[in-house]
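A structural walkthrough
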Amino acid sequence: MQMSIPIFFLFTIYSIINVYLPLFLRNMGYTATLVGFLLACFEISGLVFPLILSPIIAKKGKYSLFLIIFAVAMIIIPFPLYSIPGLGVTAICLSLYAIGFKGAVPVSDSLVNSILGDKRNNYGKVRVAGSIGFVSMNLLLQVVIHVDTITVNEKIFWTALPSALFLLSIIFVPGLLHFKPALDSSTSEEISLDTKVKKESIFTTLKKFSPTYWFGIIALFLIFLGLTPSTRFFSMYVDEYLHSDASALLWALAALSEIPFMFFSYRFIRKYNTISLLIFCAIFATIRNLFYICVPNLFGAALGQLCNSITYGLLHPVAVIFATEHAPDKKSLVVSMSMYSVLAVGVANFVGNVIGGFLIDTFGYPFFFVSFAILPLIPVIAYFFLKKKLNKQSKSTL
């Protein structure tokens with residue numbers, strides 16, 4: 001499948017963003033509070049601008065062209081990002097980089113689905129290439145990058161390289177550069193209708209969603225907010241709390257652990273309702289945070305990373321199915337998925353970044369991890385009071 005190679009290289013960029021960007025920012029002299037602020041700028045920019053650009057991209061249908069534009073931006077921006085000092089410049093550069101990075105992901109997914117056509121169930125087979133790319137890049141960077149001694153030129157090179165490879169794959173993989181999805185009349189009418197609904201009755205649409213849906217969205221928000229220490233500040237924790245440079249290796253371990261659970265998640269979803277599975281994942285989110293502090297060494301960090309099998313490998317597909325099955329009708333599906341990606345994930349990451357850096361500077365890593373471990377327990381406790389009602393409503397949507 002043509003997109004396997006670009007997806008492989010796209011996810012090598014994740015290695016820089018997830019693993020090394022916080023460390024590079026610390027290396028530039030920023031406090032944990034300012035790192036949190038800068039990561040929040042990255043999140044909010046990557047959240048808002050792709051939503052604005054997506055209708056334009058969908059209308060044009062030239063996915064490869066926009067992927068090239070995003071890739072070029074991600075190649076150029078590391079030069080001023082690391083070369084020009086100043087909080088304002090860094091914030092602007094990260095915000096611009098986020099547009100390219102966060103924009104490339106959904107456009108790549110759209111291109112994959114357009115190429116697959118009626119065989120969209122094979123998306124998982126293509127997505128595996130991304131996991132392999134993420135693990136491979138982490139293993140490479142574990143060997144070649146030493147944060148304490150890295151130079152500005154090395155930061156620029158390793159940040160720009162994955163984007164350059166992604167760009168080359170889009171240009172040279174046969175059939176991608178000039179690919180344009182076919183849009184039939186029924187699809188055009190549906191898009192027009194959906195746009196009209198969004199403009200005229202978004203509040204009416206939101207009122208259609210059941211109490212169970214809103215419980216799930218709030219639960220997902222608290223889960224992802226609670227996971228902020230392990231998803232946004234983990235590399236800093238390994239470097240500054242454990243005094244180790246093994247963060248990339250531990251990130252690779254987390255990515256490997258998620259693959260089998262993601263692949264077989266449909267079996268769990270068939271057997272249990274999605275609300276029960278969300279609560280199960282919430283419990284593991286708490287356990288994951290506690291591993292890092294209660295077992296304060298590389299073994300504890302490894303145990304925490306292995307929990308990623310549940311807190312992402314299982315949680316993500318369960319959340320997607322939850323958002324799908326609780327959409328009141330077909331027209332509400334886009335709204336339902338947007339609420340998950342924007343409110344539950346995006347806003348949680350933004351809030352977590354802002355608060356997290358401050359808590360690290362003020363109270364230290366143990367307080368940060370333990371306090372955030374409490375957050376996923378809130379929907380767990382609420383679930384046991386509302387269990388019968390929630391499960392009944394969840395089953396009625398299947």
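Quick summary incoming for the structure in this document. Just so we're clear, the structure is a prediction, and the values are computed from it rather than from any experiment. (Residues numbered from 1 in each chain as written. Predicted model: local features only at pLDDT ≥ 70, side-chain atom pairs only at ≥ 80, totals over all residues. Heavy atoms only, no water.)

1. Structural notes on the nonpolar core
Here is the rule: The term nonpolar core refers to a set of buried residues drawn from Ala, Val, Leu, Ile, Met, Phe, Trp, Tyr and Cys, joined through side-chain atoms within 4.5 Å. Remark: exposure states derive from per-residue accessible area (1.4 Å probe, protein chains only) relative to the maximum for the residue type, with buried under 20%, exposed over 50%, and partly exposed in between. Under the DSSP-based scheme used, a helix requires at least four consecutive residues in state H or I and a strand at least two consecutive residues in state E, with every element numbered from the N terminus. The criterion used for residue contact is that any of the two residues' heavy atoms lie within 4.5 Å.
Grouped together as the largest cluster of nonpolar side chains are 114 residues, with contacts concentrated most on Tyr20, Tyr237 and Tyr340. In terms of residues, this core owes the most to one element, helix H1 (residues 4-27), which gives 14 residues. Contacts of tyrosine 237, omitting those with residues within four sequence positions, involve Leu242, Tyr292, Ile293, Ala301, Tyr365 and Phe369.

2. A word on unusual backbone geometry
Its identity as a non-glycine residue notwithstanding, histidine 243 has a phi of 55°, on the positive side. Here histidine 243 is to be found in the loop between helix H11 (234-241) and helix H12 (247-263). Given a relative accessible area of 67%, histidine 243 falls into the exposed group.

3. Quick word on the pattern of salt bridges
What counts here: Here, a salt bridge means any Lys or Arg side-chain nitrogen found within 4 Å of an Asp or Glu carboxyl oxygen.
What the rule picks out here adds up to 3 salt bridges. A salt bridge links glutamate 43 to arginine 232; the shortest N-O distance between them is 3.0 Å. You can see glutamate 43 sitting in helix H2 (residues 32-60) and its partner arginine 232 sitting in the loop between helix H10 (228-231) and H11, a full 189 residues away along the chain. Overall, the relative accessible area of 6% leaves glutamate 43 in the buried class. Here arginine 232 falls in the buried class, since its relative accessible area comes to 17%. One salt-bridge network, in which partners are shared between bridges, spans Glu43, Lys102 and Arg232.

4. Topic: the packing of aromatic side chains
Selection criterion: Ring geometry is summarised as follows: Phe, Tyr and Trp rings, the Trp one being its six-membered ring, pair when their centres sit within 6.5 Å, and such pairs are stacked at plane angles under 30 degrees, edge-to-face over 60 and tilted between the two.
In the structure shown here, the tally under the stated rule is 29 aromatic pairs. Between phenylalanine 134 and tryptophan 251 the ring centres are 6.3 Å apart and the planes differ by 80°, which places this aromatic pair in the edge-to-face class. Taken together, the residues phenylalanine 134 in helix H6 (residues 123-144) and tryptophan 251 in helix H12 connect sequence positions 117 residues apart. Accessibility expressed as a relative area gives 8% for phenylalanine 134, which makes it buried. Centre to centre, the rings of phenylalanine 234 and tryptophan 251 are 6.0 Å apart; their planes meet at 85°, and the pair counts as edge-to-face. With phenylalanine 234 in helix H11 and tryptophan 251 in helix H12, this pair connects stretches of sequence that are 17 residues apart.

5. A word on empty space enclosed by the protein
For clarity, the cut-off: Put plainly, a pocket is an open set of points on a 1 Å grid over the protein atoms alone with protein on both sides within 12 Å along at least five of seven lines, a cavity is a set where a 1.4 Å probe fits but cannot get out, and a lining residue has an atom within 4 Å of a point. Grid points are joined across faces, edges and corners, and a volume is the space filled by probe spheres set on the points. For this classification, the nonpolar set comprises Ala, Val, Leu, Ile, Met, Phe, Trp, Tyr, Cys and Pro, the charged set comprises Asp, Glu, Lys and Arg, and every other residue, Gly included, is treated as polar.
The tally for this structure, following the rule as stated, stands at 1 cavity of 30 Å³ or more. Volume-wise, the largest cavity comes out at about 40 Å³. Forming the walls of the largest cavity are Ile16, Ile17, Leu21, Phe42, Leu81, Tyr82, Leu94, Tyr97 and Thr159. Mapped onto the lining of the largest cavity, the elements with two or more residues apiece are H1, helix H4 (78-83) and helix H5 (87-116). Here the lining of the largest cavity gets 3 residues from one element, more than from any other, and that element is H1. Residue composition of the lining of the largest cavity, grouped by class: 8 nonpolar, 1 polar and no charged.

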